[in-house]
Amino acid sequence: MDPSAPLILSLIAFLSVFVFFLGLQRVITASTEDIESRLDRYAARMVAQTETAPAEKPERLRGLGGLLGSDTAKKIATELGRADIKLTPSEYIALNILAVIFGFGLMFVLGRGSLILGLLGGVLGFYAPRLWVRQMQARRLNAFNNQLGDTLILLSNSLRSGYSLLQSLETVSRELPPPMSTEFARVVREIGLGLTIEEALAHMLERIQSDDLDLVITAINIQHEVGGNLAEILDTIAHTIRERVRIKGQIRALTAQQRFSGYVVSLLPFILGVVLFMINPTYIGQMFTEPCGIVMLITAGLMIVSGYIIIGRITNIEV
């Protein structure tokens, strides 16, 4: 084994223990959070306080998130909220740092001391948490859109039975599974804490970037201003959304082979390169040392990425 391997493994173990105790400290200190800050998550009461007392500065962000500034920390919190990941910005940053160190150490050890493979592993570790968050966001958004048609039918039937809009929203939060029930339960809580229905629905639209949801919220806001039969409007929108979901399902079924081919063509060279490097590192290692090999690697990487993007654009049919 390479002489530096024990040092790398020790560093990975240290970071693992550090992240564990950081998360434990966050859990312990979360119980001491005051009621005002908890209410501010839903009612955004700090906005009114800022207008009446502009000299008062908001509380400084704690932990690693404070090193990036409030705007970056809020952006990270928004992305985590859209993915429904129960992590704070500080915990996410610590996880990202740990992933970089782990990726670097793992590829450095497997590559028998190759600094280039170590750097490649660090880059992969840097982007791995981001790809995970994006994947969770896409999965949650897809599940939300698939439930939206049934949600509108339930809202329409509740309104026809004599329920108010708030009671109908509460019914959705009780009867439907997550993520629909989670989002509507949060809307009901925000309304109970003093927000209007328009503000609570606007906050849900910030968390769920769905064009269909935007259409529904716009219809509810217009009906609230000018009046009309909201149940009939929701039935019409529900029919449109159901047809769109059906057509999207047919398109995904017809383009499944092309999308799978894009995955295979893109991943196969990387997997084959790692296997060859583990079998005969001297043979494949020349591509990382010779100028001609480096040019070949860069050209192949650009062509693989270009092919994957082109296949994705062809199979991504808007409905």
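Parameters and conventions
- Residues numbered from 1 in each chain as written.
- Predicted model: local features only at pLDDT ≥ 70, side-chain atom pairs only at ≥ 80, totals over all residues.
- Heavy atoms only, no water.
- Salt bridge = Lys/Arg side-chain N within 4 Å of Asp/Glu carboxyl O.
- Helix = DSSP H or I, 4+ residues; strand = E, 2+ residues; numbered from the N terminus.
- Buried < 20%, exposed > 50% of the residue type's maximum accessible area, 1.4 Å probe, protein only.
- Patch = residues over 30% accessible without salt bridge, like charges linked within 9 Å, V, L, I, M, F, W, Y side chains within 5 Å.
- Areas by Shrake-Rupley, 256 points an atom, 1.4 Å probe, with all protein chains shown as cover.
- Expected span 1.5 Å × (residues − 1).
- Contact = heavy atoms within 4.5 Å.
- Core = buried A, V, L, I, M, F, W, Y, C linked by side-chain atoms within 4.5 Å.
- pLDDT = per-residue confidence, 0-100.
- Phe/Tyr/Trp six-rings, centres within 6.5 Å; stacked < 30°, edge-to-face > 60°.
- Axes fitted to C-alpha atoms, helices over the stretch in contact; angles between N-to-C directions.
- Left-handed = near helix turned anticlockwise from the far one by under 90°.
- Nonpolar A, V, L, I, M, F, W, Y, C, P; charged D, E, K, R; others polar.

## What to know about the pattern of salt bridges
Thought 1: Applying the stated rule across the entire model yields twelve salt bridges.
Thought 2: Taking the shortest distance from any N to any O, the salt bridge between Arg82 and Glu79 comes out at 3.6 Å. Of this pair, Arg82 and Glu79 both sit in helix α4 (residues 70-83), separated by three residues, roughly a single helical turn.
Thought 3: The class of Glu79 is partly exposed, set by a relative accessible area of 23%.
Thought 4: With a shortest N-O distance of 2.7 Å, Asp150 and Arg242 are connected by a salt bridge.

## Let's talk about a nonpolar patch on the surface
Thought 1: Together, Phe260, Tyr263, Val264, Leu267, Leu268, Ile271, Val275, Ile279, Val305, Tyr308 and Ile309 make up an exposed nonpolar region whose accessible area comes to about 1,100 Å².
Thought 2: Elements with a minimum of two residues in the nonpolar patch: α12 (256-279) and α14 (291-315).
Thought 3: No other element matches α12, which puts eight residues into the nonpolar patch.
Thought 4: With respect to the helices, strands and loops of the structure, Tyr308 is situated in helix α14.
Thought 5: The class of Tyr308 is partly exposed, set by a relative accessible area of 42%.

## Quick word on α14
Thought 1: For α14, built from 25 residues, the straight-helix expectation of 36 Å at 1.5 Å per residue is met to within 8% by its first-to-last C-alpha distance of 36 Å.
Thought 2: For α14, the full list of buried residues reads Gly293, Ile304 and Thr315.
Thought 3: Turning to α14, the residues buried within the fold contact α12.

## Quick look at the nonpolar core
Thought 1: Leu152, Leu169, Met180, Val187, Met204, Val216 and Leu234 are the most contacted members of the largest nonpolar core, which has 29 residues in total.
Thought 2: Within the residue set of this core, elements represented by two or more residues are α6 (115-160), α7 (165-175), α8 (180-192), α9 (197-207), α10 (211-226) and α11 (230-254).
Thought 3: Residue contributions to this core peak at six residues, all from α11.
Thought 4: Counting seven residues, the second largest nonpolar core, distinct from the first, contains Ile76, Ile85, Tyr92 and Val133.

## A closer look at α7
In an α-helix, one turn spans 3.6 residues; hence positions three or four apart end up facing the same way.
Thought 1: All of the buried residues in α7 are Leu165, Ser168, Leu169, Thr171, Val172 and Ser173.
Thought 2: Contacts made by the buried residues of α7 are with α6, α8, α9, α10 and α11.

## Side note on unusual backbone geometry
Thought 1: Omega for the bond connecting Pro178 with Pro179 falls within 30 degrees of zero, at 5°, which places this linkage in the cis form.
Thought 2: The residue Pro179 is located in the loop between α7 and α8 in this model.

## Remarks on the environment of Leu154
Thought 1: Tracing the backbone through its elements, the reader meets Leu154 in helix α6.
Thought 2: Distance from Leu154 to Thr171, taken between C-alpha atoms, is 8.2 Å for residues 17 residues apart in sequence.

## Some remarks on the confidence of the model for the protein
Thought 1: Looking at the protein, pLDDT values average 80 and 78% of them are 70 or higher.
Thought 2: Per-residue pLDDT, averaged within each element of the protein, yields its smallest value for helix α3 (residues 46-52) (44) and its largest for α8 (92).
Thought 3: Contacts from residues 30-35, a stretch scored under 50 in pLDDT, to residues over four places away or in other chains number three contacts.
Thought 4: Long-range and interchain partners of residues 43-61, a stretch whose pLDDT sits below 50, account for eleven contacts in this model, where long-range means more than four residues apart.

## Here's the deal with the side chain of Glu183
Thought 1: Within the secondary structure, Glu183 is located in helix α8.
Thought 2: Contact partners of Glu183, with chain neighbours within four places excluded, come to Arg140, Phe144, Met204, Arg207 and Ile208.

## Here's the deal with the packing of aromatic side chains
Given two aromatic rings, one states the distance between the centres and the angle between the planes to describe the pair.
Thought 1: Tallying each qualifying case throughout the model produces three aromatic pairs.
Thought 2: Between the aromatic rings of Phe104 and Phe108, the centroid separation amounts to 5.7 Å while the plane-to-plane angle is 20°, which identifies the pairing as stacked. Taken together, the positions of Phe104 and Phe108, both in helix α5 (residues 89-110) and four residues apart, correspond to about one turn of that helix.
Thought 3: Overall, Phe104 belongs to the partly exposed group, its relative accessible area being 24%.
Thought 4: A centroid spacing of 5.1 Å and a plane angle of 90° characterise the contact between Phe126 and Tyr127, whose relative ring orientation is edge-to-face.
Thought 5: According to the relative accessible area criterion, Tyr127 is partly exposed, its value standing at 44%.

## Some details on the packing of α7 against α8
Thought 1: Between α7 and α8, the least distance of the axes is 7 Å, while the angle of their chain directions is 145°. Crossing geometry of α7 relative to α8 is assigned as left-handed. Each of Leu166, Leu169, Glu170, Val172 and Ser173 in α7 lies in contact with α8, whose residues at this interface are Met180, Ser181, Phe184, Ala185, Val187, Val188 and Ile191.
Thought 2: In the contact of α7 with α8, the residues fall into nine nonpolar, two polar and one charged.

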